[in-house]
Amino acid sequence: MTLLALDTSTDWASVALYDGKSVLAEETWHAQRRHGDELFPTIERMLASARSSIADVDRVAVATGPGSFTGLRVAIAAAQGIARGAGAALVGVSTLDVLAYPHAPSKQRTCALLPAGRSEWYAALYQERNRRWLRRSPYIAATLPELCTQIGTHTLFVGEIGDEAEQTLRDLLGPKALFASPASRMRRAGYLAELGWRTLETEPQAKLAEIEPIYVKQPSIHPSFDQPFAPVPTGDVALGLPRRS
Amino acid sequence: MRILAIETSCDETAVAVVDDGRRIVSNIVASQLAHQDTGGIVPEVAAREHLRSLDAVAQTALREAGVGLREVDAVAATVGPGLVGCLLVGANYGRGLALAAGLPFVGVNHLEGHVYANWLYEGATAPKEPEIPAIVLIVSGAHSDLVLMEGHRKFRPLGRTIDDAAGEAFDKVARLLKLGFPGGPFIEKAAKLGDPAAFPLPRASGGDRYDFSFSGLKTATMRLVRSLEAKGEVPVNDVAASFQKAITEMLAEKTARATAEHGVDTVLLGGGVAANLALRDEISKRIGHALVVPPPRLCTDNGAMIGAAAFFVLRHHGTEIPTTVRSDLRLA
Ligand SMILES: [Zn+2]
C-alpha cells in the first residue's frame, strides 16, 4: 500500500510518497503561482526517484487549506482525478493541521499561520489536552492584532511568517510569542501523508466530491464576508497522535 | 480512438466521450445556476462550482457512454483561453485521471473546440465532413473571432473584437431590458415579437478591417432605452429586435466579405451566439447558400467539442502536445 500526498495550498508546494512506515520520497518547492504547471512533472519525477509507479498508489491525501483558493483547487482536482483513475481512497487534511502536527512533541500551545492576503492571516490554535494533540479553535481569517486578542499564554508560531509579521507578533505579545526555526516552521507533505494515512485507518472514506477547500472566506465579490469562521470542529477532533503514557 | 474530454473554461462543467473526433457517445453539460443572481459570472464562484461537480459529471459521462476508463484511449481537457481558476480544475482533474489510468493527456485550445464542434454527430451514420478551407466565426460571451481555417489546425486570425465580445453585448442589453442572464436566448425570444426596423441603431463598420466593435451599438442602445424610459413604457420587443438586427448584420457582413475575399464557400460557426437563428439566417442570406451549423447545444460550451478537437490535435500535432493552462491562448 502506498499513499501519495499533495499540497499546493500556498506559494510553497509539497508532494510525498508514504507506505505507512516510511516516507519513500518527498519534494518541497517554491512554486509561487506555477502549481498548475509543476505539480504533475514533480509527481512523476518523485515516483521515478522512489522507483515506484502510479499503479502502486492506492491512497491519496490532499491538503485542503485554508490557503490560496486557486492553489488549493489545483491539488484537490488532481487528487480527485488520480483517486478516480486509480480507484484509490482519498482523504483531505487541513493545511494548518499539517503545519502544527510536527510540533506536538513540544507540548507548546501552537498557532499555525498562513497568509490570507490583504494583511489577513489564516490561523488555528493547537494544544495537547489529556495527552492528545488537538485543534482548539476554528479555522480563522483575521489580522494579527485581532488574532492576538485570542492569545493569552506562551504560544509557538509556525507557518509562512515573514520578518515583518514576526516583528508585529513580538510587538503585540512580547515574550509570550515564541517562534519555530525557519526550516521547522514550514510544512512538508510527509506530515500530510502521516495524518492522511491515520485518518484513512480510522474513518470511513468520504466521497471524492466531498473533498473540497476549507474556504473560510467568501468569494471577494462581497465587500464584507458574513461568515468569517469555518464551523467549529465538532467535539474534540483529535489529530490522531498516539497516546504517550 | 475514444477520448474522454473535459471542459471547464467558463461556467459550464462539461464532460463527454467522443469516438474518432466525430461521434458523440455521451455529452454531459452541467450549467452553473449560481450566476443567475449576480447577472454575470463571478470567476471564484465558477471555480468552486466546477470542483464540486466535475467528478460526478465525469462519472455520468462514462456511465451514459457505457464505458469504463479502461476503454478510453486518451483524456483531454481545455487549457485555455478562459478563466484560469476554472481551467485549472478541469486540467488537473484530467491530468490526474490520465496519469492514474496510464493514458495520454491532451490539452485543448477552447477555440479549436468551437471549430471542431462542426465535425460532431450523434447516431450511427456519419454526415459528410465540413469542407476546408473555411471561414470560422466564433461568437460567445467571451469571444468574437473571425478566422480563416486553411487546413486542419491551421488557422489564420482575420479579426476579433476590439472591445466587448458579441455575447457580452447581448448580456448587457438584456440586463438593460430586464430580460435575464445569459442575454442571448432572452433577446432572441423577445426579438421574434418585435419590429427590427422600429429603431435605427448604428453599425460600426471599421472600414475594410475584420475587427469588430460593439461598444458604440451598446451605448446607442442604452441611450435609446433611457430616452424611451423617460417617455414612458419601453417597447422591449422592438428594442430587442432592432438591437439583434444591428449586431447580426455587423457579424454577417464581415463574415460574408471574408468568404468572398478568400474565395471560400464554407462558413463554420461556433460559440453561444452562433445558436442565434437570426444570425444564421443573415449570414446564409449574404453568402447565398444554406449554412451547415452545429445544433445549438453544440454551439455553447460542451465537452464533446473538446473531444473532437483533441482527436485532431493527436492526428495533426506538429510538436509537443500542450498540457499547460494559459488564460490567453489564441487560435494560430
Ligand atoms: Zn466557448
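Residues numbered from 1 in each chain as written. Chains lettered and ligands numbered in written order. Predicted model: local features only at pLDDT ≥ 70, side-chain atom pairs only at ≥ 80, totals over all residues. Heavy atoms only, no water.

**Notes on the sheet that holds strand β1 (residues 2-7) of chain B**
Across a sheet, paired strands are connected by hydrogen bonds in the backbone, their directions being either parallel or antiparallel. Residue and element names in this part refer to chain B. Taken together, the 5 strands give an open sheet; going across it, the order is β3-β2-β1-β4-β5, and neighbouring strands pair in mixed fashion. Of all the strands in the sheet, the pair left with one neighbour each is β3 (23-31) and β5 (105-109). Between one strand axis and the next, the sheet turns by 20° as a mean value, whatever way the strands run. Of the strands in this sheet, β1, β2 (12-19), β3, β4 (74-80) and β5 are in contact with helix α10 (residues 303-316), which crosses β1 at around 125°. (Pairing = 2+ DSSP bridges. Helix = DSSP H or I, 4+ residues; strand = E, 2+ residues; numbered from the N terminus. Axes fitted to C-alpha atoms, helices over the stretch in contact; angles between N-to-C directions. Contact = heavy atoms within 4.5 Å.)

**What about unusual backbone geometry?**
Where the residue is not glycine, phi is negative for most of them; where a peptide bond is considered, it is trans in most cases. Each neighbour pair has its own omega, and for Gly80 of chain B with Pro81 of chain B the value is -5°, a cis peptide bond. Examined against the element boundaries, Pro81 of chain B turns out to sit in the loop between β4 and α2 (84-101). Note the cis peptide between Ile132 of chain B and Pro133 of chain B, where omega equals 10°. Note on placement: Pro133 of chain B falls in the loop between α3 (110-116) and β6 (134-139). Even without being glycine, Gln32 of chain A reaches a positive phi, approximately 50°. Classification of Gln32 of chain A by relative accessible area gives partly exposed; the value is 37%. Backbone geometry places Lys178 of chain B, a non-glycine residue, at a positive phi of 55°. Judged by its relative accessible area of 68%, Lys178 of chain B is exposed. (Buried < 20%, exposed > 50% of the residue type's maximum accessible area, 1.4 Å probe, protein only.)

**Description of the pattern of salt bridges**
Within the structure shown, the criterion is met by 34 salt bridges over all chains. Put simply, Glu44 of chain B and Arg73 of chain A hold a salt bridge, and the shortest N to O gap is 2.8 Å. With Glu44 of chain B in helix α1 (residues 43-65) and Arg73 of chain A in helix α2 (residues 69-86), this pair bridges two chains. Each of Arg203, Lys245, Glu249, Glu282, Lys285 and Arg286 of chain B takes part in a single network of salt bridges with overlapping partners. (Salt bridge = Lys/Arg side-chain N within 4 Å of Asp/Glu carboxyl O.)

**Points about the packing of helix α5 (residues 183-192) of chain B against helix α7 (residues 236-262) of chain B**
The geometry of a pair of packed helices is captured by two quantities: the angle between their axes and the separation between those axes. Residue and element names in this part refer to chain B. Their axes nearest at 7 Å, the elements α5 and α7 cross at an angle of 110°. By the angle class used here, α5 and α7 are roughly perpendicular. Seen from above, α5 lies across α7 with left-handed handedness. In this structure, α5 contributes Ile187, Glu188, Ala190 and Ala191 to the contact, and α7 contributes Asn237, Ala240, Ala241, Phe243 and Gln244. Class assignment for the residues of the contact of α5 with α7 results in 6 nonpolar, 2 polar and 1 charged. (Parallel < 35°, antiparallel > 145°, perpendicular 65-115°, else oblique. Left-handed = near helix turned anticlockwise from the far one by under 90°. Nonpolar A, V, L, I, M, F, W, Y, C, P; charged D, E, K, R; others polar.)

**Remarks on the pairing of strand β10 (residues 155-159) of chain A**
Residues and elements named next belong to chain A. Along β10, 5 of the 5 residues are buried, which leaves the element largely enclosed by surrounding structure. Of the two faces of β10, the one carrying Thr155, Phe157 and Gly159 and the one carrying Leu156 and Val158 are both buried. When strand β6 (residues 110-117) meets β10, the two strands line up parallel, connected through 4 bridges. The residue bridging Thr110 from the neighbouring strand is Leu156, located in β10. Pairing of β10 with strand β11 (residues 177-179) involves 3 bridges; the strand directions are parallel. Within β11, the residue paired with Thr155 across the bridge is Ala177. Crossover β10 to β11 through helix α5 (residues 163-173) is right-handed. (Right-handed = clockwise from strand over helix to strand, strands pointing away.)

**Quick look at the sheet that holds strand β8 (residues 154-160) of chain B**
All names here are of chain B. Spatially, the 4 strands line up as an open sheet ordered β8-β7-β6-β9, and their pairing is mixed. The open sheet is flanked by β8 and β9 (266-270), the only strands paired with a single partner. Here the strands of the sheet are splayed against their neighbours by 25° on average, with no regard to which way each runs. Pairing of β6 with β9 involves 5 bridges; the strand directions are parallel. Bridge pairing in β9 links Leu137 to Leu269.

Limitation: the analysis is restricted to geometry and does not speak to function.
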